[in-house]
Amino acid sequence: MWNFDATSSALLVVDMQRDFVEEGRPMEVPMARARIPQMRELVEGARGAGVPVIFTQHVLYDSFNVSPLETANNQLLLTEGMRDGTDGIEIVDGLDARAEDHYVRKHRYDAFYNTNLEVLLNTVRGYRTVDTLVIAGTLTEVCCESTARSAFMRDFKVAFAGESTGALSETAQTATLDAITRYFGRVLSNAEILQGFTDGATEARR
């Protein structure tokens, strides 16, 4: 099993947008809202260690149906949710997203599909320096898991933040964590990730 090395890592926070997180919003995920403090802990730890912070934003349009199979599964999305130009696609305030962070707009569950994420990872710390992706955010069992699998297929090491991802149910959370552990990467606690960030920052200063 590979070791987690913060000096070659990036933190990806998946879809922590107002329409997914805030109470009463179209795609509300209560577990994601409850875990904002843990996610922010990782964001702050990454910044302190010089680890790039990347936020994804799932975006839909009113002018045409950019994700027809997604909306077929959830017809609510035909008329509302994550609409371009609305506050629903904004990252929730609790994560303190900043202009110097990086943002990836996506239209599918997999954050690599038809986005600039892979190019960003291959250049943001220098040419192909990043080989490990720390994944936090929501939904654990949909966009986080889809992105983790896609990262694995691209030969990125997947460090899945078990305490900083939010599913629609505990059953779904457990199922994804089990699948990641068995086949696609490592499920790490916040303490393990933050210790890795600290160790990486110390090593970088030497």
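Everything numeric here is computed off the predicted structure, so don't read it as measured data. (Residues numbered from 1 in each chain as written. Predicted model: local features only at pLDDT ≥ 70, side-chain atom pairs only at ≥ 80, totals over all residues. Heavy atoms only, no water.)

Draft legend 1. Structural detail: the environment of aspartate 5. Along the chain, aspartate 5 falls in the segment before β1 (9–14). Separated by 127 residues in sequence, aspartate 5 and threonine 132 have C-alpha atoms that sit 7.6 Å apart. (Helix = DSSP H or I, 4+ residues; strand = E, 2+ residues; numbered from the N terminus.)

Draft legend 2. The pairing of strand β2 (residues 53–58), seen in detail. Counting buried positions along β2 gives 6 out of 6 residues, so the element sits mostly inside the fold. What you see with β2 is no split at all: Val53, Phe55 and Gln57 on one side and Ile54, Thr56 and His58 on the other are buried throughout. In terms of strand pairing, β1 meets β2 through 3 bridges, oriented parallel. Along β2, the bridge assignment pairs leucine 11 with valine 53. (Buried < 20%, exposed > 50% of the residue type's maximum accessible area, 1.4 Å probe, protein only. Pairing = 2+ DSSP bridges.)

Draft legend 3. Here's a closer look at the layout of surface pockets. Counted as a void, the largest pocket has a volume near 160 Å³. For the lining of the largest pocket, the secondary-structure elements that each account for two or more residues are α4 (68–73) and α6 (140–153). Tallied by class, residues from the lining of the largest pocket come to 7 nonpolar, 3 polar and 1 charged. (1 Å grid on protein atoms, 1.4 Å probe; cavity = no way out; pocket = protein on both sides within 12 Å on 5 of 7 lines; lining within 4 Å. Points joined across faces, edges and corners; volume = space filled by probe spheres on them. Nonpolar A, V, L, I, M, F, W, Y, C, P; charged D, E, K, R; others polar.)

Draft legend 4. Broad picture of the sheet that holds strand β4 (residues 132–138). One open sheet accounts for 6 strands, arranged β3-β2-β1-β4-β5-β6; its pairing is parallel. The open sheet has two edge strands with one neighbour each: β3 (102–106) and β6 (186–188). Here the average twist between neighbouring strands, direction ignored, is 25°. Here 6 bridges tie β4 to strand β5 (residues 157–166), and the two strands are oriented parallel to one another. From the neighbouring strand, isoleucine 135 faces β5, where its bridge partner is phenylalanine 160. (Axes fitted to C-alpha atoms, helices over the stretch in contact; angles between N-to-C directions.)

Draft legend 5. Broad picture of the pairing of β1. In terms of residue burial, β1 counts as a mostly covered element, since 6 of its 6 residues are buried. Neither face of β1 is left uncovered, since the one carrying Ser9, Leu11 and Val13 and the one carrying Ala10, Leu12 and Val14 both have all their residues buried. Summarising the sheet, β1 and β4 pair through 6 bridges and their orientation is parallel. What sits directly across from leucine 12, in β4, is isoleucine 135.

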